[in-house]
Number of protein chains: 2
Amino acid sequence: MKIQLEKVKPQEIEARSFEIITRELGDRKLDPDKELIIKRCIHTSADFEYADSLCFSPGAVERAREAIRKGACIVTDTQMGKSGINKRALARFGGEVYCFMSDEDVAAQAKAQGSTRATVSMDKAAALDKPLIFAIGNAPTALIRLYELISEGKLKPELVIGVPVGFVNVVQSKELIMQAGVPYIVARGRKGGSNIAACICNALLYGLDNRRD
Amino acid sequence: MKIQLEKVKPQEIEARSFEIITRELGDRKLDPDKELIIKRCIHTSADFEYADSLCFSPGAVERAREAIRKGACIVTDTQMGKSGINKRALARFGGEVYCFMSDEDVAAQAKAQGSTRATVSMDKAAALDKPLIFAIGNAPTALIRLYELISEGKLKPELVIGVPVGFVNVVQSKELIMQAGVPYIVARGRKGGSNIAACICNALLYGLDNRRD
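Per chain, the residues get numbers from 1 upward, laid out in the order the sequence is written. Each chain takes a letter, starting from A, and each ligand takes a number, starting from 1, following the order in which they are written. For a predicted model such as this one, the threshold for reporting local features is a pLDDT of at least 70, and the threshold for listing and counting side-chain atom pairs is 80 or more; totals across whole chains, interfaces and linings nevertheless cover every residue. Neither water nor hydrogens contribute to the side-chain values; these are computed over all heavy atoms in the structure.

- Per an unreviewed UniProt entry, chain A is named Precorrin-8X methylmutase, and its organism is Candidatus Egerieimonas intestinavium.
- UniProt positions are given in the numbering used here, feature names are shortened, and annotations may be inferred rather than shown by experiment. Under Pathway (unreviewed entry), UniProt gives the following word-for-word description of chain A: "Cofactor biosynthesis; adenosylcobalamin biosynthesis."
- Per UniProt, chain A carries the Sequence similarities (unreviewed entry) text "Belongs to the CobH/CbiC family."

**Examining helix H10 (residues 170-177) of chain B**
Residues and elements named next belong to chain B.
Right, on to step 1. With six of its eight residues buried, H10 lies for the most part within the structure.
Right, on to step 2. Three labels apply to residues, based on accessible area from a 1.4 Å probe with only protein chains included: buried if under 20% of the type maximum, exposed if over 50%, partly exposed otherwise in between. Comment: elements are numbered from the N terminus, with helices defined as DSSP H or I runs of at least four residues and strands as E runs of at least two. For H10, every residue scored as buried is listed here: Val-170, Ser-173, Lys-174, Glu-175, Leu-176 and Ile-177.
Right, on to step 3. Tucked inside the fold, the buried residues of H10 contact helix H9 (140-151), strand E5 (159-162) and strand E6 (184-187). Contact criterion: two residues are considered in contact whenever any of their non-hydrogen atoms come within 4.5 Å of each other.

**Quick notes on the pairing of strand E2 (residues 73-76) of chain B**
When a strand is regular, its side chains alternate between the sheet's two faces.
All names here are of chain B.
Right, on to step 1. The two faces of E2 match: Cys-73 and Val-75 on one face and Ile-74 and Thr-76 on the other face are all buried.
Right, on to step 2. Pairs of strands are assigned from DSSP output, requiring at least two bridges between the strands. With four bridges joining them, E2 and strand E4 (residues 132-136) adopt parallel strand pairing. Note that in E4 the partner of Cys-73 across the bridge is Leu-132.
Right, on to step 3. When E2 meets strand E3 (residues 97-99), the two strands line up parallel, connected through three bridges. Counted as the bridge partner of Ile-74 is Val-97 from E3.

**Overview of the pattern of salt bridges**
Side-chain pairs of opposite charge can arise where the charged atoms are in close proximity.
Right, on to step 1. For this analysis, a salt bridge means a side-chain nitrogen from Lys or Arg found within 4 Å of a carboxyl oxygen belonging to Asp or Glu. Applying the stated criterion to the full structure yields 36 salt bridges over all chains.
Right, on to step 2. Taking the shortest distance from any N to any O, the salt bridge between A:Asp123 and A:Arg145 comes out at 2.7 Å. With A:Asp123 in helix H8 (residues 117-126) and A:Arg145 in helix H9 (residues 140-151), this pair connects stretches of sequence that are 22 residues apart.
Right, on to step 3. Residues participating in the shared-partner salt-bridge network are A:Asp47, A:Glu49, A:Lys191, B:Asp47, B:Glu49 and B:Lys191.

**Observations concerning the nonpolar core**
Right, on to step 1. Definition of nonpolar core: a set of buried residues of the types Ala, Val, Leu, Ile, Met, Phe, Trp, Tyr and Cys, connected through side-chain atoms within 4.5 Å. Counting residues in each nonpolar core, the largest one holds 45 residues, and the members touching the most others are A:Ile37, A:Leu54, A:Ile161, A:Ile185 and A:Ile200.
Right, on to step 2. Among the elements that make up this core, the one with the highest residue count is helix H11 (residues 194-212) of chain A (10 residues).
Right, on to step 3. Apart from the residues lying within four places of it in its own chain, the contact partners of A:Leu54 are A:Ile37, A:Ile38, A:Cys41, A:Ile185, A:Val186, A:Ala187 and A:Ile200.
Right, on to step 4. In this structure, B:Ile21, B:Cys41, B:Ala64 and B:Ile133 belong to the second largest nonpolar core, which totals 43 residues.

**Looking at the interface of chain B and chain A**
Right, on to step 1. Contacts between the two partners involve 42 residues from chain B and, on the opposite side, 42 residues from chain A.
Right, on to step 2. Joining two parts hides part of their accessible area as seen by a 1.4 Å probe, and the buried area is that hidden amount summed over both. Both sides together, the interface formed by chain B and chain A hides about 3500 Å², and carbon and sulfur atoms give 67% of it.
Right, on to step 3. Of all residues in chain B, B:Met80, B:Phe167 and B:Val168 bury the most surface against chain A, accounting for 21% of the area lost on that side.
Right, on to step 4. Applying the counting rule to chain B against chain A returns four salt bridges.
Right, on to step 5. Between A:Arg190 and B:Glu24 there is a salt bridge, with the nearest N and O atoms lying 2.5 Å from each other.
Right, on to step 6. Elements represented by at least two residues in the side of chain B that touches chain A include exactly helix H1 (13-25), helix H2 (32-45), helix H5 (79-84), H9, H10 and helix H11 (194-212) of chain B.

Laid out in structure tokens, this is it:
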């Protein structure tokens, strides 16, 4: 079989990808505020289901960008998620990315209380005295703990990105966080991932860049 | 809406997930050699398409495990991929994970020659004097460059994991690498990702662990 490669310059690959995504979305109208985020999730996954599954609380995108502009930090539930976020873009506004999953005190505490490291990571994050965006791409137990902390009045995040992936309590944890009364971006259903969590953070950051030019 | 959480102990979540995956795969028979890898990709993505899209060259899994056992190293095309691989499990056999994407010499070289950093990263990896497994979850240009290096006799990888995701030359680059005459695990089509690349590496490692117990 003869394989025909498309000739695209390196710096044009992303734009060409977004062209294809836009074309394949057809005459579907996306809310301009959400469009960049939805398309970036499709770009990251090649999965058009995100056009349907992504749910946004009213004004979530604008509020999150405002928080980033004021120096909000991001907390992830995996090192992969942290690794995928454009930390330089975030640092320009004073923010940084935290992931406590590999911390020894977190592991010890999780073992002691029979919970997950993700749960304990959220407790550790809640103790930070900073405006926070949570980007949860892996652990439903993290989302569930965030719901509890918010309900108990111990945490008031600027945004919760709720996109864990999987089969056990994933669907439920997302429904739960959408009832917590805080701004959210959630991928309803089983799908998501650390890559999706990171790409939503980056879409927020890049949208901000454009706005400031 | 009342949300019902499933009661599962932290240490049982993964096993429970695999039970659900097995049940939903129904009476579909998976090759025992490939089963763990296929199921782990589904576990990582909640996407059952991997049961159909994953392609293996004959004996790829066994050969890759043998290479790891002898100390093979893994090269990724993203920091996210590197971050997701269980480096401690790999280190037990003497291997380590490389990602050259953020190296300054790679960026400079890519700019000078009008190619991508992924392309130049593969050249840099090919200069390593080690048995190598390539885990490509992002850049089709990396896969294309691997094909060229292999064709020119400059590289003979132990395995190429070809799972970039996206819209420009992704499908083609995967077809190309399957014609290179080296062992491969490829997710045909547009889907894949750094998380999928990392999870295939981990499935290879965990399979090895079981075998050695």
